[in-house]
Amino acid sequence: MASHAAPDAGGAGDPVMRLLEQRGLLPVNSTPSTATLPGTDSPDKSLLGQVRSTASDLVVSAMNFIGVRYRRGGNDASEGFDCSGFTRHVFENSIGLVLPRRAEEQAKAPGLLKINASDLRPGDLVFFNTLRATFSHVGIYIGDGKFIHAPRTGSEVRIEDMRESYWVKRFTGARRVPQINGNELNNNPAP
């Protein structure tokens, strides 16, 4: 088991900050009050403030499971997740939407909107062909070209960059839950 350095008083001990550092999304040992996201130069806003203002509660919920081991057929954090068990769990427990069990079924679920890759927003489901079958893998888009997923046996829930050639070649589509407007769930979904 990997050991972690003791958290410092600057905020790098926060799990979200550690995750962002580990994934190269901000410099190591940054403080929430001084760090800026890559591609921005706004030191007047805290990193956590920027993350919270652009990410949905669903994405924050998904990030809580980083490091949970992969388990084929897994549906919960205590035993582990497979890719579709992970997305199903996150959607059900963060916004109350019960997705179908398998990735292919999630991609074809009635009521989900097809989204172009250029229109992705945090919280969208992203699908890949990883087993020589369309929609054989699913994850949750978190923004900045990245998604979170439960990849494969021997691994754990983690964030990947969709712009890496492996994922670009295998991307097969994206879906959006129409009830999610920005960061809030609309409790009056259309029929």
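Please read all numbers here as calculations on a predicted model, not as lab measurements. Position numbers for residues count from 1 along each chain, tracking the sequence in the order it is written. Local features in this predicted model are restricted to residues whose pLDDT is 70 or higher, and side-chain atom pairs enter the listing and the counts only when it is 80 or higher, whereas totals over whole chains, interfaces and linings include all residues. For side-chain calculations, the full set of non-hydrogen atoms in the structure is used, while hydrogens and water are omitted.

Draft legend 1. Local environment of the sheet that holds strand β3 (residues 113-115). By the convention used here, strands pair only if DSSP detects at least 2 bridges between them. Here a strand is any run of E in DSSP of at least two residues, a helix any run of H or I of at least four, and the numbering for each starts at the N terminus. If you trace the six strands from one edge of the open sheet to the other, you get β3-β8-β4-β5-β6-β7, paired in antiparallel fashion. Looking along the sheet, the strands with just one partner apiece sit at the ends: β3 and β7 (158-161). On average, adjacent strands in this sheet sit at an angle of 40 degrees to one another, irrespective of strand direction. Here four bridges tie strand β4 (residues 125-128) to strand β8 (residues 171-176), and the two strands are oriented antiparallel to one another. Pairing of V126 across the sheet is with A174, part of β8. Fitting a line to C-alpha atoms yields each axis, with helices limited to the stretch in contact; the angle taken between N-to-C directions then spans 0 to 180 degrees.

Draft legend 2. Here's a closer look at the side chain of K146. Secondary-structure assignment places K146 in strand β6 (residues 146-149). Burial classes: relative accessible area under 20% of the type maximum marks a residue as buried, over 50% as exposed, and values in between as partly exposed (1.4 Å probe, protein chains only). The class for K146 is buried, based on a relative accessible area of 10%. Two N or O atoms form a polar contact when they lie within 3.5 Å of each other; inside protein one atom must be a possible hydrogen donor and the other a possible acceptor, and for residues adjacent in sequence the pair counts only when both atoms belong to side chains. A distance of 3.4 Å separates the side chain of K146 from the side chain of D161, its partner in a polar contact.

Draft legend 3. Broad picture of the pattern of salt bridges. Salt bridge criterion: a side-chain nitrogen from Lys or Arg within 4 Å of a carboxyl oxygen from Asp or Glu. What the rule picks out here adds up to 11 salt bridges. Notably, a salt bridge pairs E105 with R102, separated by 3.9 Å at the nearest N-O pair. In this structure E105 comes out as partly exposed when scored by relative accessible area, which is 35%. Three or more residues joined by partner-sharing salt bridges are found here, namely R102, E104, E105 and K108.

Draft legend 4. Highlighting the environment of V157. Its place among the elements puts V157 in the loop between β6 and β7. Setting aside chain neighbours within four positions, we find V157 in contact with F65, I66, G67, V68, F81, F86, I148, H149, A150 and P151. Residue contacts are defined here by distance: any two heavy atoms, one from each residue, within 4.5 Å place the two residues in contact.

Draft legend 5. Expanded view of the confidence of the model for the protein chain. As a per-residue quantity, pLDDT reports the predictor's confidence and falls between 0 and 100. Per-residue confidence for the protein chain gives a mean pLDDT of 77, with 64% of residues at or over 70. The spread of mean pLDDT over the elements of the protein chain runs between strand β10 (residues 184-185), the lowest at 40, and β4, the highest at 98. Scored below 50 in pLDDT, residues 1-13 makes 15 contacts in the model with residues more than four places away or belonging to other chains. Considering only residues more than four positions removed or in separate chains, one finds that residues 181-191, a stretch of pLDDT under 50, has 13 contacts.

Draft legend 6. Geometry of the nonpolar core. Throughout this description, the term nonpolar core refers to a set of buried Ala, Val, Leu, Ile, Met, Phe, Trp, Tyr and Cys residues connected via side-chain atoms within 4.5 Å. F86, F91, L125, I140 and I148 are the most contacted members of the largest nonpolar core, which has 29 residues in total. Looking at this core, the elements with two or more residues in it are α3 (57-63), α4 (83-95), α5 (103-107), β4 and β5 (137-143). In this structure F86 touches A62, F65, F81, I140, I148, H149, A150 and V157, once residues within four positions along its chain are discounted.

Draft legend 7. Local environment of the pairing of β8. The sheet contact formed by β3 and β8 spans three bridges and is antiparallel. Counted as the bridge partner of L113 is R176 from β8.

Draft legend 8. Looking closely at the side chain of R175. With respect to the helices, strands and loops of the structure, R175 is situated in strand β8. A polar atom in the side chain of R175 sits 2.8 Å from the backbone oxygen of A107. With residues up to four places along the chain from it excluded, the contact list for R175 reads A107, L112, L113, K114, I115, D124, L125, F127 and F135.

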